[in-house]
Amino acid sequence: MKILVLNCGSSSLKVGVFEIAENATEIFKATYEKFEAGCCSYKITNNGATETGQEPFDNIAAALVALPQILDRYGVAQLQAVGHRIVHGGEKFRSTAVLDEATIAAIEALTALAPLHNPANLLAVRIAKEVWSSLPQVGVFDTAFHSTNPARATTYAVPKAWRDAGLRRFGFHGTSHKYVAVRAAEEIGAPIRDLQIISVHLGNGASVCAINRGESIDTSMGMTPLEGLVMGTRSGDVDPGLFGFVSRQLGLSIAEVEAALYSQSGLLGLTDSSDMRDVEARASKGDIEAQLAIELFAYRARKYIGAYAAAMGGLDAVVFTGGIGENSPSMRRRICDGLEFMGLRLDHDRNQCVELADHAAPQIQAYGARVRVIVTETAEQLMIARETAAELTPKVTVPGSIPVAVSARHVHLSRTAVETLFGAGYQLMPAVPLRQPGQWAASERVTLQGPKGRLERVAILGPERLKTQVEISRTDGFALGIDAPVRDSGKLDGTPSVQLIGPVGILNTDGLIVAARHIHTNPDDASRLGLSDGMLVDVHIGDEERGLIFGKTIIRVSANAVTEMHIDTDEANAADIRVSGEGSLVRDLRVVAVTTNG
Ligand code: ADP
């Protein structure tokens, strides 16, 4: 599928054409900028050759209207869709969307949240709809990747009336953070679902993102792209009390303070230059202001890395990207220095010799360091092309249906746990066989105790495991007073602890999770259903009135598994699936449709 990508800002237009097949290839790339009366400058890369020059375009609209002839000139034909970068998707756009009249109106309604960016993006959408009227137009939102941030990360502690008016954190650079996290996971050779990654995008705008098992859970930009790191001309985090101070002491209006925080602060405010190359050059010649700016820039980034490792409860990799992240070994080093206590150590030679051609993602951590450090070029346009293609690929609905089992809260115990709770040498008694071969519910029960409350007569599922695992619902977590993460079975690092009480003893153990919904299946059924291990699917469950589509359901293929979907009691209640009695396997229900992408 050949996709045209338009990234239209307030002062520049970036264009990419991508062939999306097994791999994505960029076949045409152009930037138009420095618009003035009767002229703008351009740079075009096509077939490995780059050319720069001037075109007679007064503004971005003129460049867009001329684009079909320009593409013709370079032999770029047979486009199948147009993908647009849209900066702000607000609460409404949690994923990529086809741009029809209704979605365009909804984006327009968000102008107050992104007054500089969204109107520029929409200008490109309107022109493209006329110029390529037969092609589908798709919007990819910078904010969408962060729509998985929990309320504790998106909420400002401000009066309710302000929050009701729409004040909350959104986060930006989502397309970049997603791309580099996916690229880092490829480089590491592990599924992104198994990794805790911090992405550090350092360009003129800069932000950090905590990507916990493939999902953004927090990011440093907030309501606007002003919060967080020190940037080229933006302040990043400040005390909001400064508004009162500056207006009283210096007589500035709110609009003037806001404008100064956007465009006269950051590196520019500290050094008179917003360009890190200048700042680094001056610092190396002994300029004290430039040295402080560099220290402050690195210190703020280092603090966010520490904070986000804590937010995720672990860290596998830090990825640097953006003009500074990609090109400044000394800044990467300053940011990482002092994080050795977290297992993050750079190899200084590797850090110095980073080569990023052809989407390379070199690892630059020291030999034996626990946390990987990766550098890679961001590729927002490529990601927009991929997301556009995915949005337009017909969804495949798997014929037939599969059973659903509802798991009530239960524990899997290790040998040590059995002995601590029930006594030395004790063997659990299998009482009820489960449908997965070899698995059973024991006749014994345990009590779970948390700081807030206890849950009694919790089922124990056998056989014993190497590591104790306690699976509860989100509602159970509130009853216990413990915030359990959503995890795949067996992924227990950094999970909170809970107390288990048995007839003989008490055990404090980590391993408390809300189990991620999943479908067990075997290789034969998987191939019949068009499923493969690790795939994420959407599943429709329940009747017409209260049925729901459960997204991101992971497929687990193993040799002897019986095909069935496992959800927890909260999920079952939400879809109005009635649970009879207690226990882990409750009753047979049918999945109405399994939908896969591609
Ligand atoms: P944008 O956010 O506008 O896309 P970029 O990602 O291109 O910006 O990043 C621009 C920043 O990268 C500038 O501060 C620039 O000085 C910095 N930069 C580019 N190359 C280098 C380099 N070799 N060393 C240090 N900083 C660099």
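Refer to the structure above for everything that follows.
Residues numbered from 1 in each chain as written. Predicted model: local features only at pLDDT ≥ 70, side-chain atom pairs only at ≥ 80, totals over all residues. Heavy atoms only, no water.

Taking 1.5 Å as the rise per residue, helix α3 (residues 117-131) with 15 residues should run 21 Å; its terminal C-alpha atoms sit 22 Å apart, in good agreement. Residues of α3 that are buried: Asn118, Ala120, Asn121, Leu122, Ala124, Val125, Ile127 and Ala128. Summarising the contacts, the buried residues of α3 are in contact with β1 (2-8), α1 (60-73), β6 (81-86), α2 (101-108) and β8 (137-141). (Helix = DSSP H or I, 4+ residues; strand = E, 2+ residues; numbered from the N terminus. Expected span 1.5 Å × (residues − 1). Buried < 20%, exposed > 50% of the residue type's maximum accessible area, 1.4 Å probe, protein only. Contact = heavy atoms within 4.5 Å.)

On to the packing of α2 against α3. The interhelical angle for the contact between α2 and α3, taken along N-to-C directions, is 160 degrees, at an axis separation of 10 Å. One finds that α2 runs roughly antiparallel with respect to α3. Handedness of the crossing formed by α2 with α3: left-handed. Contacts between α2 and α3 pair Glu101, Ile104, Ile107 and Glu108 from the former with Asn118, Leu122, Val125, Arg126 and Lys129 from the latter. A breakdown of the residues in the contact of α2 with α3 according to their chemical character gives four nonpolar, one polar and four charged. (Axes fitted to C-alpha atoms, helices over the stretch in contact; angles between N-to-C directions. Parallel < 35°, antiparallel > 145°, perpendicular 65-115°, else oblique. Left-handed = near helix turned anticlockwise from the far one by under 90°. Nonpolar A, V, L, I, M, F, W, Y, C, P; charged D, E, K, R; others polar.)

On to the environment of Glu326, then. Structurally, Glu326 is set in helix α12 (residues 322-327). Of the residues examined, Glu326 reaches a relative accessible area of 14% and is grouped as buried.

Once that is clear, we can look at the nonpolar core. In this structure, Ile198, Leu202, Leu315 and Val318 are the most contacted members of the largest nonpolar core, which totals 45 residues. Residue assignment for this core shows that the elements contributing at least two residues are β9 (196-202), β10 (206-212), α10 (276-284), α11 (288-312), β12 (317-321), α13 (329-336) and β13 (372-375). When residues of this core are assigned to their parent elements, the largest contribution, 11 residues, is made by α11. Sequence-distant contacts of Ile198, defined by excluding residues within four places in its chain, comprise Val208, Cys209, Ile305, Tyr308, Ala309, Met312, Leu315, Ala317, Val318 and Val319. (Core = buried A, V, L, I, M, F, W, Y, C linked by side-chain atoms within 4.5 Å.)

A full pass over the atoms with the stated rule returns 25 salt bridges. Residue Lys178 is joined to Glu387 by a salt bridge in which the shortest nitrogen-to-oxygen separation is 2.6 Å. Separated by 209 residues along the polypeptide, Lys178 in helix α6 (residues 174-188) and Glu387 in helix α15 (residues 380-392) bring together distant segments of the chain. A relative accessible area of 18% means that Glu387 is categorised as buried. Arg454 is the partner of Glu456 in a salt bridge, and the nearest nitrogen-oxygen pair spans 3.5 Å. Look at Glu456 and you get partly exposed, because its relative accessible area is 48%. Among the charged side chains, a salt-bridge network with shared partners connects Arg152, Arg474 and Asp483. (Salt bridge = Lys/Arg side-chain N within 4 Å of Asp/Glu carboxyl O.)

Among the 13 residues in the neighbourhood of the ligand, the closest are listed as Asn204, Asp275, Met276, Arg277 and Gly323. Within the side chain of Asp275, a nitrogen or oxygen atom sits 2.4 Å from an oxygen atom of the ligand. Here an oxygen atom of the ligand and a backbone polar atom of Arg277 are 3.2 Å apart. Burial of the ligand by the surrounding chains reaches 70%, relative to a free accessible area of 580 Å². Of all elements in the fold, only α10 and α12 reach the threshold of two or more residues within the shell around the ligand. The class makeup of the residues in the shell around the ligand is two nonpolar, eight polar and three charged. (Near = heavy atom within 4 Å. Polar contact = N/O pair within 3.5 Å; in protein donor to acceptor, adjacent residues only side chain to side chain. Areas by Shrake-Rupley, 256 points an atom, 1.4 Å probe, with all protein chains shown as cover.)

This brings us to empty space enclosed by the protein. With the rule as written, the count across this model stands at one cavity of 30 Å³ or more. Estimated volume of the largest cavity: approximately 70 Å³. In this structure, the largest cavity is lined by Gly90, Glu91, Phe93, Arg94, Thr143, His146, Ser147, Arg168 and Phe170. (1 Å grid on protein atoms, 1.4 Å probe; cavity = no way out; pocket = protein on both sides within 12 Å on 5 of 7 lines; lining within 4 Å. Points joined across faces, edges and corners; volume = space filled by probe spheres on them.)

A few words on the sheet that holds β10. Within the open sheet, the five strands sit side by side as β11-β10-β9-β12-β13. Their pairing is mixed. With partners counted over all chains shown, the strands left at the sheet margins are β11 (215-219) and β13, one partner each. Sheet twist, expressed as the mean angle between neighbouring strand axes with direction ignored, is 25 degrees. By the bridge criterion, seven bridges tie β9 to β10 in an arrangement that is antiparallel. (Pairing = 2+ DSSP bridges.)

Right, let's get into the packing of aromatic side chains. All told, the structure shown has six aromatic pairs when counted by the stated rule. One aromatic cluster is present, formed by Tyr32, Tyr42 and Phe57 through successive ring pairs. (Phe/Tyr/Trp six-rings, centres within 6.5 Å; stacked < 30°, edge-to-face > 60°.)

With that settled, the discussion passes to the environment of Asn149. Note on placement: Asn149 falls in the loop between β8 and α4 (151-154). Dropping the residues within four chain positions of it, Asn149 is found in contact with Thr154, Ser216, Ile217, Asp218 and Thr219.

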